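# Observations on the three-dimensional arrangement
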Amino acid sequence: MAFLISILKEIAELMLRKFRIIKAGNKPEVHVESQALKKEGLYVRPDFLSKEECEGFREAIDFHIDGGGGNVWVDEAGADQRVYFINDIDEKFQNFYETSYFRDVLAACTGTTSPSGMLLAARINCKDNNKGSGGGWHRDSPVTHQFKAICYLNDVEEENGPFQFVKRSQRKWEVIKCYVRGVFKPGQYRFTDEEIDRYLLETGSEISSVIGKAGSLVFADTKGVHRGKPLSGGVRYVLFCYFWHGDIPPHFQKLRQ
Ligand SMILES: [Fe+2]
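Residues numbered from 1 in each chain as written. Predicted model: local features only at pLDDT ≥ 70, side-chain atom pairs only at ≥ 80, totals over all residues. Heavy atoms only, no water.

The next thing to look at is the coordination of the iron ion. Around the iron ion, the donor atoms from the protein are His 138 (NE2), Asp 140 (OD) and His 226 (NE2), and they sit 2.2 Å away. Along the chain, the residues that donate to the iron ion are spaced as H-x1-D-x85-H. Look at His 138 and you get buried, because its relative accessible area is 7%. (Donors = N, O, S within 2.8 Å, 3.2 Å for Na, K, Ca; no water. Buried < 20%, exposed > 50% of the residue type's maximum accessible area, 1.4 Å probe, protein only.)

This is the structure:
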């Protein structure tokens with residue numbers, strides 16, 4: 001029964017999203033980006049921000065986390081420190097969040113033209129038992145395709161927590177196949193390392209680690225399986241643009257500034 005409900009949800013999501021995309025109109029200027037997101041679930045653009053811009057953002061994040069008096073979220077390990085809704089308290093971040101390029105890709109992929117949302121600024125350090133950004137392998141939604149714009153503000157290597165993504169894991173047929181084969185349970189959106197190992201083995205998929213210089217922009221359909229890799233050293237500064245079609249979900253309200 002749970003399997004059938006998941007299939008029906010996938011079909012309903014497809015129809016609703018296609019309707020919205022048609023209504024939003026053609027976006028030929030972001031065709032490459034939207035096609036990559038549709039096929040692979042991932043698109044990377046180097047040098048979106050300059051080194052100087054990244055440095056400015058890093059200094060501002062340090063200020064907001066270490067002494068700005070804002071609402072700072074910290075994970076259990078004390079590694080991941082986040083300022084949600086940083087765009088509400090700092091114009092520099094608001095300008096980044098309003099980048100029309102992101103909105104065009106969002107509209108082309110999801111059909112959402114007037115999103116609600118916010119910008120999250122995060123600094124994650126290497127601490128014992130850190131789980132990486134996002135708390136391990138997950139989908140942001142088990143059904144709805146999501147669009148997230150992520151920007152690295154310092155150089156990100158294998159050791160300091162790259163964004164990791166399983167390409168094509170966002171595709172509906174891939175999701176359904178996993179339910180049929182019993183790799184994942186219908187509706188499941190958090191995964192253990194063992195479940196991911198089995199998934200990779202069953203599907204022949206691979207983990208893509210997004211290694212990139214400061215200023216690299218990453219677009220992802222975060223319905224796909226992803227995480228921030230646990231850090232074995234160093235620090236990572238990053239910005240995440242969140243978008244929703246409707247209202248901001250209630251559990252984000254307490255994270256407001
Ligand atoms: Fe996520």
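Turning our attention to the layout of surface pockets. In this structure, the second largest pocket occupies an estimated 570 Å³ of space. Looking at the second largest pocket, it is lined by 23 residues, and the ones nearest its centre are Arg 17, Lys 18, Ile 21, Lys 38 and Ala 108. Contributions of two or more residues to the lining of the second largest pocket are made by helix H1 (2–24), helix H2 (31–39) and helix H5 (100–110). Class assignment of the residues belonging to the lining of the second largest pocket gives a composition of eight nonpolar, eight polar and seven charged. (1 Å grid on protein atoms, 1.4 Å probe; cavity = no way out; pocket = protein on both sides within 12 Å on 5 of 7 lines; lining within 4 Å. Points joined across faces, edges and corners; volume = space filled by probe spheres on them. Helix = DSSP H or I, 4+ residues; strand = E, 2+ residues; numbered from the N terminus. Nonpolar A, V, L, I, M, F, W, Y, C, P; charged D, E, K, R; others polar.)

Attention now moves to the nonpolar core. The biggest cluster of nonpolar side chains holds 35 residues, and the ones touching the most others in it are Phe 93, Phe 96, Tyr 101, Phe 102, Phe 219 and Leu 239. Of all elements in the fold, only H2, helix H3 (51–66), helix H4 (91–97), H5, strand S4 (116–125), strand S5 (148–152), strand S8 (217–220) and strand S10 (235–244) reach the threshold of two or more residues within this core. Of all the elements, H5 adds the most residues to this core, at six residues. If near-sequence neighbours (up to four positions away) are discounted, Tyr 101 is found in contact with Val 30, Glu 33, Tyr 43, Arg 45, Phe 48, Leu 217 and Phe 219. Grouped together as the second largest cluster of nonpolar side chains are 21 residues, Tyr 152, Val 156, Val 218 and Leu 255 included. (Core = buried A, V, L, I, M, F, W, Y, C linked by side-chain atoms within 4.5 Å. Contact = heavy atoms within 4.5 Å.)

Bringing the pattern of salt bridges into the picture now. Two side chains of opposite charge can pair, provided their charged atoms sit close to one another. All chains considered together, the criterion is met by 15 salt bridges. Its salt-bridge partner being Asp 80, residue Arg 82 comes within 3.0 Å of it at the nearest N-O pair. The buried category is assigned to Arg 82, whose relative accessible area is 8%. Taking relative accessible area as the criterion, Asp 80 reaches 2% and is therefore assigned buried. With a closest N to O distance of 3.8 Å, Lys 213 and Asp 155 form a salt bridge. Pair noted here: Lys 213 is in the loop between strand S7 (207–210) and S8 and Asp 155 is in the loop between S5 and strand S6 (163–166), with a separation of 58 residues, a long-range link. Three or more residues are tied together by salt bridges with common partners; here these are Glu 10, Glu 13, Arg 17, Lys 172 and Lys 223. (Salt bridge = Lys/Arg side-chain N within 4 Å of Asp/Glu carboxyl O.)

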